[in-house]
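What follows is the residue order along each chain.
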Amino acid sequence: QEQLKESGGGLVQPGGSLKLSCRVTGLAFELYAMAWFRQAPGQKREALSCIDKDSTNVYYEDSVKGRFTTSRDNVDYTLYLQMDNLTADDTAIYYCAAPPFCRGYTHGAHVTYWGQGTQVTVSS
């Protein structure tokens, strides 16, 4: 049983911050890259960020570059997403995922494992 479980979502005001976690079980966490995606109702899935196995490289898409920070703890088997300066456009369900590597991760073609998602709502 491989599981990725996001937590930390909720309601936050514009300009505020939130930190998401993704805890992994049943998977050789240290052998996978890890990625964040999000999806709003009626919208396509959007890739946000990917971090390689040992945190040497971290990649960010333009929509979150400079505002979001991805990190991982290979001892606690946890992926994190620190989100700062949030706007209403960040409202979505956020998903973590485990691709074998970061190259080409944006399309999710090689992602086998997905989390269940956590809702982030940015509103006054």
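Details of the structure are given in the entry above.
As a starting point, this report considers the structure included with it. (Residues numbered from 1 in each chain as written. Predicted model: local features only at pLDDT ≥ 70, side-chain atom pairs only at ≥ 80, totals over all residues. Heavy atoms only, no water.)

**Observations concerning the overall build of the chain**
And then number 1: Within the chain one finds zero helices and eleven strands.
And then number 2: Walking the chain from its N terminus toward its C terminus, one meets helices and strands in the order β-β-β-β-β-β-β-β-β-β-β.
And then number 3: The C-alpha radius of gyration computed for the chain amounts to 13 Å, which stays within 12% of the reference 14 Å derived for 124 residues, consistent with globular compactness.
And then number 4: When the backbone C-alpha atoms are referred to their principal axes, the chain occupies close to 40 × 25 × 25 Å.
And then number 5: When burial is assessed residue by residue, the chain has 42% of its 124 residues classed as buried.
And then number 6: Taking the contacts inside the chain whose residues are at least 6 apart along the sequence as the reference set, 59% of them involve residues at least 24 apart.
And then number 7: By element, 48% of the accessible surface of the chain is carried by carbon and sulfur atoms, the whole surface being about 6500 Å².
And then number 8: One finds the centroid of the 11 positive side-chain charges in the chain at a distance of 3 Å from the centroid of its 13 negative side-chain charges. (Helix = DSSP H or I, 4+ residues; strand = E, 2+ residues; numbered from the N terminus. Rg over C-alpha atoms; globule rule 2.2 N^0.38 Å. Buried < 20%, exposed > 50% of the residue type's maximum accessible area, 1.4 Å probe, protein only. Contact = heavy atoms within 4.5 Å. Areas by Shrake-Rupley, 256 points an atom, 1.4 Å probe, with all protein chains shown as cover. Lys, Arg positive; Asp, Glu negative; His and termini not counted. Charge placed at Lys NZ, Arg CZ, Asp CG, Glu CD.)

**So, the state of the cysteines**
Formally, a disulfide is one covalent bond, and it connects the sulfur atom of one cysteine to the sulfur atom of another.
And then number 1: For the coordinates displayed, the defined rule picks out two disulfides.
And then number 2: The disulfide partner of cysteine 22 is cysteine 96, and the S-S distance across this bridge is 2.0 Å. In this structure, the disulfide formed by cysteine 22 and cysteine 96 twists by about 55 degrees around the S-S bond and is classed as right-handed. Highlighted residues: cysteine 22 in strand S3 (residues 18-25) and cysteine 96 in strand S9 (residues 92-98), separated in sequence by 74 residues. (Disulfide = S-S within 2.5 Å.)

**Topic: the packing of aromatic side chains**
And then number 1: Enumeration over the complete set of coordinates arrives at four aromatic pairs.
And then number 2: Here phenylalanine 37 and tyrosine 105 contribute two aromatic rings whose centre-to-centre distance is 5.9 Å and whose plane-to-plane angle is 65 degrees, an arrangement assigned as edge-to-face. Here phenylalanine 37 is found in strand S4 (residues 34-39), whereas its partner tyrosine 105 is found in the loop between S9 and strand S10 (113-114), with 68 residues between them in sequence. Of the two residues, phenylalanine 37 and tyrosine 105, neither departs from the other in class, the shared state being buried.
And then number 3: Summarising the aromatic geometry, the rings of phenylalanine 37 and tryptophan 114 are spaced 4.8 Å apart at their centres and angled 55 degrees between planes, so their arrangement reads as tilted. Of this pair, phenylalanine 37 sits in strand S4 while tryptophan 114 sits in strand S10, placing them 77 residues apart in sequence.
And then number 4: Residue classification places phenylalanine 37 among the buried positions, given a relative accessible area of 0%.
And then number 5: With relative accessibility at 30%, the residue tryptophan 114 sits in the partly exposed group.
And then number 6: Among the aromatic residues, those joined into a cluster by ring pairs are Phe37, Tyr105 and Trp114. (Phe/Tyr/Trp six-rings, centres within 6.5 Å; stacked < 30°, edge-to-face > 60°.)

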